[in-house]
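Examination of the molecular architecture
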Amino acid sequence: MTRMNAQLIHPNRDALEAFGLGKLDENDADFVEQHLGECPACCETLLELQDDTFVELVRSRERRQADEATKGGRGAIPPELQDHPRYRVLKLLGRGGMGDVYLAEHRLMNRPVALKVMKPRLMRDARAVERFRREVQAAARLAHPHIVAAYDAEQAGDLHILAMEHVAGIDLAEHVRRHG
(Lines give C-alpha, C1' and ligand atoms only; values in the text may rest on other atoms or scores of the structure.)
Protein backbone atom coordinates (compact mmCIF):
# COMPACT_ATOMS: atom_id res chain seq x y z
CA MET A 1 0.00 0.00 0.00
CA THR A 2 1.14 3.50 -0.68
CA ARG A 3 0.28 6.91 0.71
CA MET A 4 1.57 10.14 -0.83
CA ASN A 5 1.11 13.49 0.96
CA ALA A 6 -2.06 12.19 2.62
CA GLN A 7 -3.44 11.50 -0.89
CA LEU A 8 -4.93 8.03 -1.11
CA ILE A 9 -3.33 5.74 -3.71
CA HIS A 10 -4.94 2.41 -4.62
CA PRO A 11 -3.79 -0.55 -2.49
CA ASN A 12 -1.94 -3.14 -4.56
CA ARG A 13 -3.41 -6.59 -5.28
CA ASP A 14 -1.34 -8.21 -2.50
CA ALA A 15 -2.76 -5.75 0.04
CA LEU A 16 -6.31 -6.34 -1.19
CA GLU A 17 -5.82 -10.10 -1.03
CA ALA A 18 -4.36 -9.87 2.49
CA PHE A 19 -7.33 -7.68 3.49
CA GLY A 20 -9.77 -10.25 2.08
CA LEU A 21 -8.06 -13.01 4.06
CA GLY A 22 -7.93 -10.95 7.26
CA LYS A 23 -4.12 -10.87 7.30
CA LEU A 24 -3.51 -7.10 7.53
CA ASP A 25 -2.63 -5.36 10.76
CA GLU A 26 -5.28 -3.03 12.16
CA ASN A 27 -3.87 0.21 10.67
CA ASP A 28 -3.48 -1.22 7.17
CA ALA A 29 -6.90 -2.90 7.37
CA ASP A 30 -8.47 0.45 8.35
CA PHE A 31 -6.69 2.13 5.42
CA VAL A 32 -7.91 -0.48 2.89
CA GLU A 33 -11.41 -0.50 4.39
CA GLN A 34 -11.67 3.28 4.06
CA HIS A 35 -10.37 3.13 0.48
CA LEU A 36 -12.88 0.41 -0.47
CA GLY A 37 -15.67 2.66 0.76
CA GLU A 38 -14.58 5.25 -1.82
CA CYS A 39 -13.32 3.18 -4.75
CA PRO A 40 -15.61 0.89 -6.79
CA ALA A 41 -12.64 -0.27 -8.92
CA CYS A 42 -10.82 -1.69 -5.89
CA CYS A 43 -14.08 -3.32 -4.71
CA GLU A 44 -14.24 -5.09 -8.08
CA THR A 45 -10.60 -6.17 -7.78
CA LEU A 46 -11.26 -7.54 -4.30
CA LEU A 47 -14.17 -9.59 -5.65
CA GLU A 48 -12.03 -10.99 -8.47
CA LEU A 49 -9.24 -12.25 -6.21
CA GLN A 50 -9.19 -15.99 -5.71
CA ASP A 51 -8.65 -17.61 -2.32
CA ASP A 52 -5.45 -19.50 -1.75
CA THR A 53 -5.58 -23.31 -1.65
CA PHE A 54 -5.44 -23.51 2.16
CA VAL A 55 -8.40 -21.16 2.56
CA GLU A 56 -10.40 -23.12 -0.03
CA LEU A 57 -9.64 -26.39 1.81
CA VAL A 58 -10.86 -24.87 5.08
CA ARG A 59 -14.00 -23.52 3.42
CA SER A 60 -14.81 -26.84 1.74
CA ARG A 61 -14.51 -28.56 5.15
CA GLU A 62 -16.75 -25.90 6.69
CA ARG A 63 -19.31 -26.36 3.88
CA ARG A 64 -19.41 -30.10 4.67
CA GLN A 65 -19.89 -29.33 8.36
CA ALA A 66 -22.66 -26.85 7.51
CA ASP A 67 -24.39 -29.49 5.39
CA GLU A 68 -24.22 -31.94 8.29
CA ALA A 69 -25.50 -29.30 10.73
CA THR A 70 -28.51 -28.41 8.56
CA LYS A 71 -29.57 -32.07 8.56
CA GLY A 72 -30.13 -31.65 12.29
CA GLY A 73 -32.82 -29.01 11.68
CA ARG A 74 -33.42 -26.23 14.23
CA GLY A 75 -30.88 -27.78 16.60
CA ALA A 76 -28.14 -26.00 14.63
CA ILE A 77 -29.73 -22.58 15.24
CA PRO A 78 -28.46 -20.70 18.32
CA PRO A 79 -31.10 -20.13 21.02
CA GLU A 80 -30.81 -16.32 20.63
CA LEU A 81 -32.00 -16.68 17.02
CA GLN A 82 -34.72 -19.30 17.51
CA ASP A 83 -37.23 -16.78 18.83
CA HIS A 84 -35.77 -13.57 17.41
CA PRO A 85 -38.45 -10.83 17.25
CA ARG A 86 -37.56 -9.58 13.73
CA TYR A 87 -36.19 -12.66 11.96
CA ARG A 88 -37.51 -16.18 11.54
CA VAL A 89 -34.43 -18.34 10.95
CA LEU A 90 -35.00 -21.05 8.37
CA LYS A 91 -31.70 -22.87 8.00
CA LEU A 92 -27.93 -22.72 8.17
CA LEU A 93 -26.45 -21.69 4.81
CA GLY A 94 -22.75 -21.97 5.58
CA ARG A 95 -19.87 -21.52 7.97
CA GLY A 96 -16.85 -19.29 7.74
CA GLY A 97 -13.89 -18.28 9.83
CA MET A 98 -15.72 -15.47 11.65
CA GLY A 99 -19.14 -17.06 11.95
CA ASP A 100 -22.15 -18.80 10.50
CA VAL A 101 -24.63 -17.56 7.90
CA TYR A 102 -28.32 -18.39 8.17
CA LEU A 103 -31.20 -17.97 5.78
CA ALA A 104 -33.96 -16.10 7.57
CA GLU A 105 -37.13 -14.22 6.79
CA HIS A 106 -37.76 -10.70 8.06
CA ARG A 107 -41.04 -11.14 9.93
CA LEU A 108 -42.53 -7.70 9.15
CA MET A 109 -41.14 -7.15 5.62
CA ASN A 110 -41.73 -10.75 4.58
CA ARG A 111 -38.45 -10.92 2.65
CA PRO A 112 -35.51 -13.32 2.81
CA VAL A 113 -32.30 -12.17 4.48
CA ALA A 114 -28.94 -13.70 5.22
CA LEU A 115 -27.87 -13.39 8.86
CA LYS A 116 -24.14 -13.51 9.49
CA VAL A 117 -23.57 -14.41 13.14
CA MET A 118 -20.19 -14.07 14.79
CA LYS A 119 -18.97 -17.28 16.43
CA PRO A 120 -19.54 -17.14 20.19
CA ARG A 121 -15.98 -18.32 20.93
CA LEU A 122 -14.66 -15.21 19.14
CA MET A 123 -16.64 -12.90 21.41
CA ARG A 124 -13.85 -13.21 24.00
CA ASP A 125 -11.31 -11.85 21.48
CA ALA A 126 -11.52 -8.04 21.41
CA ARG A 127 -9.66 -7.95 18.07
CA ALA A 128 -12.16 -10.33 16.47
CA VAL A 129 -15.11 -8.29 17.78
CA GLU A 130 -13.48 -5.12 16.42
CA ARG A 131 -12.87 -6.81 13.04
CA PHE A 132 -16.53 -7.86 12.86
CA ARG A 133 -17.57 -4.30 13.76
CA ARG A 134 -15.35 -2.93 10.96
CA GLU A 135 -16.84 -5.47 8.53
CA VAL A 136 -20.34 -4.31 9.49
CA GLN A 137 -19.40 -0.66 8.96
CA ALA A 138 -17.67 -1.40 5.65
CA ALA A 139 -20.69 -3.37 4.43
CA ALA A 140 -22.96 -0.45 5.37
CA ARG A 141 -20.89 1.93 3.21
CA LEU A 142 -20.70 -0.29 0.12
CA ALA A 143 -23.34 0.10 -2.55
CA HIS A 144 -22.59 -1.90 -5.69
CA PRO A 145 -24.69 -4.22 -7.88
CA HIS A 146 -22.22 -7.09 -7.34
CA ILE A 147 -22.04 -6.77 -3.55
CA VAL A 148 -24.90 -7.81 -1.27
CA ALA A 149 -26.53 -4.96 0.63
CA ALA A 150 -26.26 -4.74 4.42
CA TYR A 151 -29.67 -4.15 6.01
CA ASP A 152 -29.07 -4.13 9.75
CA ALA A 153 -26.65 -5.01 12.54
CA GLU A 154 -27.37 -5.78 16.16
CA GLN A 155 -26.43 -7.79 19.19
CA ALA A 156 -28.88 -10.46 20.39
CA GLY A 157 -27.83 -11.94 23.70
CA ASP A 158 -24.17 -12.84 23.23
CA LEU A 159 -24.39 -12.88 19.42
CA HIS A 160 -23.28 -10.15 17.03
CA ILE A 161 -25.47 -10.24 13.91
CA LEU A 162 -25.21 -8.67 10.45
CA ALA A 163 -28.42 -8.86 8.39
CA MET A 164 -27.75 -8.78 4.65
CA GLU A 165 -29.52 -9.16 1.35
CA HIS A 166 -30.01 -12.82 0.51
CA VAL A 167 -28.99 -13.81 -3.02
CA ALA A 168 -29.96 -17.33 -4.04
CA GLY A 169 -27.28 -19.39 -5.73
CA ILE A 170 -23.71 -20.42 -5.11
CA ASP A 171 -20.98 -18.33 -3.52
CA LEU A 172 -17.96 -17.00 -5.40
CA ALA A 173 -15.62 -19.72 -4.14
CA GLU A 174 -17.97 -22.43 -5.44
CA HIS A 175 -18.38 -20.65 -8.79
CA VAL A 176 -14.59 -20.47 -9.22
CA ARG A 177 -14.24 -24.13 -8.22
CA ARG A 178 -16.81 -25.13 -10.85
CA HIS A 179 -15.91 -22.76 -13.68
CA GLY A 180 -12.39 -21.54 -13.03
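Attention here is on the structure that accompanies the text. What you see is a predicted model, and the numbers here were worked out from it, not measured in a lab.

About the criteria used
Residues numbered from 1 in each chain as written. Predicted model: local features only at pLDDT ≥ 70, side-chain atom pairs only at ≥ 80, totals over all residues. Heavy atoms only, no water. Helix = DSSP H or I, 4+ residues; strand = E, 2+ residues; numbered from the N terminus. Expected span 1.5 Å × (residues − 1). Buried < 20%, exposed > 50% of the residue type's maximum accessible area, 1.4 Å probe, protein only. Polar contact = N/O pair within 3.5 Å; in protein donor to acceptor, adjacent residues only side chain to side chain. Phe/Tyr/Trp six-rings, centres within 6.5 Å; stacked < 30°, edge-to-face > 60°. Lys NZ or Arg CZ within 6 Å of the ring centre and 35° of its normal. Salt bridge = Lys/Arg side-chain N within 4 Å of Asp/Glu carboxyl O.

A few words on helix H6 (residues 126–141). The first and last C-alpha atoms of H6 sit 23 Å apart over 16 residues, in line with the 22 Å expected at 1.5 Å per residue. Every buried residue of H6 is listed here: Ala128, Phe132, Arg134, Val136, Ala138 and Ala139. With a side-chain oxygen positioned 3.0 Å from the backbone nitrogen of Arg127, the residue opening H6 is Asp125.

Let us look at the packing of aromatic side chains. Going through the model one piece at a time under the given rule, you end up with zero aromatic pairs. We note Arg111 situated over the ring of Tyr151; from NZ or CZ to the ring centre the distance is 3.8 Å.

Here we take up the pattern of salt bridges. Pairing of side chains with opposite charge becomes possible as their charged atoms draw close. Per the stated rule, a full pass over the model turns up seven salt bridges. Between Arg86 and Asp152 there is a salt bridge, and its shortest N-O distance comes to 3.0 Å. Placement of Arg86 in the loop between helix H5 (79–82) and strand S3 (87–95) and of Asp152 in strand S6 (residues 150–156) is noted, with a sequence separation of 66 residues between them. A relative accessible area of 33% places Arg86 in the partly exposed class. With a relative accessible area of 27%, Asp152 lands in the partly exposed category. For Arg127, the salt bridge is made with Asp125, and the minimal N-O distance between the two is 4.0 Å. The class of Arg127 is exposed, set by a relative accessible area of 65%. In the salt-bridge network here, residues are joined through shared partners; they are Arg86, Asp152 and Glu154.

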